[in-house]
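Inside the fold
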Amino acid sequence: MSFGAAADPGHGAIAPAAAGTVTVVGPWELTGLEPSRSGYMFTRMEVAQTLLDVDDHGRLQPALASGWEVSADQREWRFFIRQGRTFHDGTPVTAWTVLTSLKRALTTPGVLQLVSISDLYAERGAVVVKLAKPLAPLPYLFTHYSTLVLAPASFGADGRVTRIIGSGPYRIKTIRLPQQFDTELFDGWNGPHPQVAAARYISVSRAETRALMAQSHQADLAFTLDPPSIRRLRRQSGVALKAQDLPRTTFLKLNASHPFLRDAQVRQAISLGVERDGIAQALLRDADLAATQLFPPAMAQWHQRTLPPLRHDPAAAKRLLAEAGFRPGPDGILWRDGRRFALTLHTFVDRPELPLIATAIQEEMRQIGIAVSVIVGNSSDIPAGHRNGTLDMGLVARNFGTTPDPTATLIGDYSAGGGDWGAMNWHDPLLDQALAQLSSGEDSRHSDVQRATVAQRLQAQLPVIPIVWYRQTVAVSTRLDGLSIDPFERSYRLSTLTWRR
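Residues numbered from 1 in each chain as written. Predicted model: local features only at pLDDT ≥ 70, side-chain atom pairs only at ≥ 80, totals over all residues. Heavy atoms only, no water.

Right, let's talk about the sheet that holds strand β8 (residues 126–131) for a bit. Reading across from one edge, β5-β6-β8-β7 is the order of the four strands in this open sheet, with antiparallel pairing throughout. The sheet is open, and its two borders are formed by β5 (65–70) and β7 (117–123), each paired with just one other strand. Across the sheet, the axes of successive neighbouring strands diverge by a mean angle of 15 degrees, strand direction being ignored. Bridge count for β7 against β8 is six bridges, and the pairing is antiparallel. Bridged to A122 within β8 is V127. Taken strand by strand, helix α2 (residues 95–105) contacts β6 (76–81), β7 and β8, and its axis lies near 155 degrees from that of β7. (Pairing = 2+ DSSP bridges. Helix = DSSP H or I, 4+ residues; strand = E, 2+ residues; numbered from the N terminus. Axes fitted to C-alpha atoms, helices over the stretch in contact; angles between N-to-C directions. Contact = heavy atoms within 4.5 Å.)

Listed below in structure tokens is the structure:
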């Protein structure tokens, strides 16, 4: 067997897992080996590591870097690489080998594209990052899966990733793209010794199938379950459920250059037409998940308890639309300037609740005079529509914990006209100013005020319309103990699981 086995593109039958293997099922396919696309699966399965980690409260923790420091002008950061670690092929983890991955991350899609890095080099056991301008949350970017560190032998002569050779407690045994990969304990791991010696990840697109696999004991951990499956599994012997609120919000992404949607008053009317409590209760079976603002309570520093909550008021929505010049046609759908108020809403099935929520929104919009056609496709359709300008609306579930300090994520999503998973053709000078101040760290005494400004401007202008917050529910076999859910979705924490005696 070779370390970091190359991907097998075959689609044959899945061989039974070996005894003592923890089988994980989720909806996410491995669309390749590129860290910016599938790296999150290699960090979740503890195959590859990043420079830094975070605890459950979002506080930075050492990982491949044992420590870090910043210059007085906040333009030079040093990350000191932990001594004594090796990659799965035996290559030492050093500042120079780490640099190979990070330099490559600078040239591929990922969070480092949000940073003005003027130089990146290794010196005296540290990776040195020089910035053209200060970025206070920079260390958090090095917790993101797109910055995961691979051994130099992972890359082919053309710079592409040909195999995954990481430094985590588990190494790749086999990969069959896009559905499955198997791991085994790395003999050279010098951290705490895991009880779980082997693991398997299988991509299963249908939520009910994942639940049935947990129910029939074909899966030990099943992620992203739909509400009917959760209710059924509560009555199932041999399976337990564990839940965790996550910093994730499902929202409508709107094209603010659309002739109708560029008007904030129209966006407010759409928001007033959404019955969040009903969606949360009927579809998610939890009214507490109705989103009163963009940032959920799980984002303690960003959630604004005093912010007037989003509400459902279809009568007020109709008044706003009338004030904006819309008049109903014979079928009740609104018209203005000879154009029918008809929109297309794109969403995807990776999260099983999204098509259901889209259907509910479709009916709620009809009740206020807006015709919505729903297209359920691939998650890639939404960023593609953003980039080519064809998207009207997208229903997405945005994880604000991809970097535990979301400042850089928010800059990418809402500054300079928006981003793939944020605003579209929209900007707000007050929001831009607040994000710039948070980014620079120059006035950290007023960071709470700046975060409040961001939340308030997004609530007032609604470039995206929050619908529901998110709670991760995992089905776990009762043959396992010690499961904890990472609120930032960085790891499945397989190495901390124990076998029930």
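From this point, the discussion proceeds with the structure in view.
For the structure shown, the criterion picks out twelve aromatic pairs. Pairing Y40 with Y145 gives two aromatic rings, centres 5.5 Å apart and planes at 65 degrees, and the pair type is edge-to-face. In this pair, Y40 sits in helix α1 (residues 35–44) while Y145 sits in the loop between α3 (138–141) and β9 (170–176), placing the two residues 105 residues apart along the sequence. Clustering of aromatic rings is evident, with ring pairs tying together F42, F181 and Y201. Positioned above the aromatic ring of Y470, the side-chain terminus of R351 is 5.2 Å from the ring centre. (Phe/Tyr/Trp six-rings, centres within 6.5 Å; stacked < 30°, edge-to-face > 60°. Lys NZ or Arg CZ within 6 Å of the ring centre and 35° of its normal.)

For the peptide bond that leads from L177 to P178, omega is 0 degrees, which places it in the cis range. As for its position among the elements, P178 is in the loop between β9 and β10 (180–185).

Here R44 lies in helix α1. Once residues lying within four places of it in the same chain are set aside, the contact partners of R44 are W28, E489, R490, S491, Y492 and R493.

Turning our attention to the packing of helix α7 (residues 276–284) against helix α9 (residues 353–367). Packing of α7 against α9 brings their axes to within 11 Å, and their N-to-C directions diverge by 140 degrees. Taken together, the axis directions place α7 and α9 in an arrangement best described as oblique. Classified by chirality, the crossing of α9 by α7 is right-handed. Within the contact between the two elements, α7 uses I279, L283 and L284 and α9 uses E353, L356, I357, A360, I361 and E364. The residue inventory of the contact of α7 with α9, partitioned by class, reads seven nonpolar, no polar and two charged. (Parallel < 35°, antiparallel > 145°, perpendicular 65-115°, else oblique. Left-handed = near helix turned anticlockwise from the far one by under 90°. Nonpolar A, V, L, I, M, F, W, Y, C, P; charged D, E, K, R; others polar.)

Now for the pairing of strand β18 (residues 371–377). In this sheet, β18 lies alongside strand β17 (residues 342–348) in parallel orientation, the contact comprising seven bridges. Residue pairing in the sheet places T344 in a bridge with S373 of β18.

Moving on, we get to the pattern of salt bridges. All told, the structure shown has 26 salt bridges when counted by the stated rule. Linking R479 and D220 is a salt bridge whose minimum nitrogen-to-oxygen distance equals 2.8 Å. Taken together, the residues span a long stretch of sequence, with R479 in the loop between β20 (464–477) and β21 (480–481) and D220 in the loop between α4 (207–215) and β12 (221–222) at a distance of 259 residues. Across the salt bridge formed by D448 and R451, the nearest N and O atoms sit 2.6 Å from each other. You can see D448 and its partner R451 sitting in helix α13 (residues 447–461), three residues apart, about one turn around the helix. Judged by its relative accessible area of 53%, D448 is exposed. Residue classification places R451 among the buried positions, given a relative accessible area of 9%. Taken together, the shared-partner salt bridges in this structure form one network comprising E76, R78, E123, R124 and K130. (Salt bridge = Lys/Arg side-chain N within 4 Å of Asp/Glu carboxyl O. Buried < 20%, exposed > 50% of the residue type's maximum accessible area, 1.4 Å probe, protein only.)

Attention shifts here to the pairing of strand β13 (residues 239–254). One ladder, built from 13 bridges, connects β13 with β20; its direction is antiparallel. Bridging from a neighbouring strand, A243 pairs with T473 of β20. When β13 meets strand β19 (residues 393–399), the two strands line up antiparallel, connected through seven bridges. Within the sheet, the bridge partner assigned to T250 lies in β19 and is A397.

What follows concerns the UniProt feature "domain: Solute-binding protein family" (unreviewed entry) in the protein. Those places that UniProt annotates as "domain: Solute-binding protein family" (unreviewed entry) correspond, in this numbering, to residues 60–418. Here residues 60–418 runs as 25% helix and 26% strand, with 27 Å between its end C-alpha atoms. (UniProt positions renumbered as here; feature names shortened; annotations may be inferred.)

Taken across its eight residues, helix α11 (residues 407–414) has six buried, putting it largely inside the fold. Of the positions making up α11, those classed as buried are T407, A408, T409, L410, D413 and Y414. The elements touched by buried residues of α11 are α3, β13, β19, α12 (429–440), α13 and β20. In the segment just after α11, A416 is the residue with positive phi, at about 50 degrees.

Okay, helix α8 (residues 314–323) next. Taken residue by residue, α8 has A316, A317, L320 and L321 as its buried positions. Taken down its axis, α8 places every buried residue within 140 degrees of arc, on the same side. Buried-residue contacts for α8 involve α6 (264–272) and β15 (334–336). Just beyond α8, the residue with positive phi is G325, at close to 100 degrees. (Arc of directions from axis to C-beta.)

With respect to the helices and strands, A455 occurs in helix α13. Residue class for A455 comes out buried when judged on its relative accessible area of 4%. Separated by 392 residues in the primary sequence, A455 and A63 place their C-alpha atoms 32 Å from one another. Filtering out sequence-adjacent residues up to four positions away, A455 remains in contact with F295, W302, Q304 and L307.

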